[in-house]
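# A structural walkthrough
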Amino acid sequence: MEAISVSAMLGGQGQGVVQWRNPFPEPASETTVQPYGTLLVPLRYTPAALKTCHCEVLVAVEGSSYSLNTLEWRFPVRALTEASLSGVVFKYKCKARARIEETMEVVLNGLQKVGPEDEFTHEVVLPPEHRGFLEQALRVEPVVAAPVRLARPDAPLRYRVCFAPQRMLPPTSLELVINKSTGGRWRFEMQLQATEPDLDGVLTIEAAVGATSYIPLRLYASGSEPQPFTASFPNDTPMVFHVIPAKGLLPPAPKPGEPEPEPPLQVSYSCREFGKVVRGRLYVQTSDMQFSYELRGRMPTYVPPTPAQFAPSVDNKLSAAAAEVQHPSVLGQQ
């Protein structure tokens, strides 16, 4: 049977419970448990040292109609002691689609002594809402190869932290949990943040006043299957920009010789005033990637005509009627 775990901070108190279900269609034992009912046995753990304790909870049923002997159920209990929190927060921040690699040193407060039998292991507890993303973006591993040991209790444990997010991440807290093989657990808070990535490009859209123009945006999935995406604008992007659709599927990149698929997005600009260049941002995000574009909306550039485009329009010859008025004929002159 898997052990029931109870944990408590050093000097504090932890609680747990053992559940036993009466398997008989009749009341059981002196502490009456109804047929098929449940007995709850509360546990309380108050550690005085950084160690792991083990015990068993025994539930016995004496003299039932199913057996004249005493029936027993044994529940193993494992009690873990955690050190008090150090209050130190390890913060790591970089741009999306960038990468940082740093060494993190942690000192195990409350550790009194270490021996060759003491080995240290670690685990990273990720928040559920970002678990899938951080499993790909974050790696924490000891600088030295396992088994990890300490030469003295005040020596730090060193871990290599690699953070390579492919999309933005708001400030997010998680835990690094360190366990000692002979008992003892330490928790350290880590905080990760991925800021806006470098631009993937600039999209310039030209439209006359009162008109709307569209340009296609061609993007591909990161793998060989279509990938869901969402397209959005930050709050400071003017409402003259629109994207169609706001949600959809990015196609996989075509193989050599295959035709290009239709662009999965179209971005539009509606011009509402003369002269001004309107700017904004567009984000396209998948489960593991983020694209960022600067948007520029403007009127078409005015190109003045050249003299060569004009044909002469002056006629230097007089018509016959005009010539007659200017030079009348003299009749009847001899």
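Going by the structure above, here's the rest.
Described below are features of the structure shown in this document. (Residues numbered from 1 in each chain as written. Predicted model: local features only at pLDDT ≥ 70, side-chain atom pairs only at ≥ 80, totals over all residues. Heavy atoms only, no water.)

## Description of the packing of aromatic side chains
Counted by the stated rule, this structure contains four aromatic pairs. For the ring pair F241 and Y269, a centre distance of 5.5 Å and an interplane angle of 35° mean the geometry is tilted. Here F241, found in strand β16 (residues 241–244), pairs with Y269, found in strand β18 (residues 265–270); they are 28 residues apart in sequence, far enough to count as distant. In terms of burial, F241 and Y269 fall into one category: buried. In this structure, R167 packs its charged tip against the face of F133, placed 4.0 Å from the ring centre. (Phe/Tyr/Trp six-rings, centres within 6.5 Å; stacked < 30°, edge-to-face > 60°. Helix = DSSP H or I, 4+ residues; strand = E, 2+ residues; numbered from the N terminus. Buried < 20%, exposed > 50% of the residue type's maximum accessible area, 1.4 Å probe, protein only. Lys NZ or Arg CZ within 6 Å of the ring centre and 35° of its normal.)

## Focus on unusual backbone geometry
Peptide bonds are mostly trans, and most non-glycine residues show a negative phi. Here the residue pair A146 and P147 is connected by a cis peptide bond, since its omega of 0° sits within 30 degrees of zero. Looking at the secondary structure, you find P147 in the loop between β9 (138–142) and β10 (157–163). In the Ramachandran plot, Y36 falls in the positive-phi region, its phi being about 60° despite a non-glycine side chain. Accessibility expressed as a relative area gives 44% for Y36, which makes it partly exposed. Residues other than glycine seldom take positive phi values, yet R97 does so here, at roughly 70°. Relative to the helices and strands, R97 resides in the loop between β6 (89–95) and β7 (100–106).

## Focus: the sheet that holds strand β13 (residues 201–206)
Taken together, five strands build an open sheet; the order of strands is β13-β20-β19-β15-β17 and the sheet is mixed. Edge positions in the sheet fall to β13 and β17 (247–250), since each has one partner strand and no second. Averaged over neighbouring strand pairs, the angle between their axes works out to 30° when direction is ignored. (Pairing = 2+ DSSP bridges. Axes fitted to C-alpha atoms, helices over the stretch in contact; angles between N-to-C directions.)

## What to know about the side chain of T237
Within the fold, T237 resides in the loop between β15 (227–232) and β16. Aside from chain neighbours lying at most four places away, what touches T237 is G280 and R281. (Contact = heavy atoms within 4.5 Å.)

## Examining the sheet that holds strand β14 (residues 212–217)
Strands sit in the order β14-β18-β16 across an open sheet of three strands; the sheet is antiparallel. The open sheet has two free edges, formed respectively by β14 and β16, since each of these has just one partner strand. When the angles between neighbouring strand axes are averaged without regard to direction, this sheet yields 25°. Summarising the sheet, β14 and β18 pair through six bridges and their orientation is antiparallel. Paired with T212 across the strands is S270, a residue of β18.

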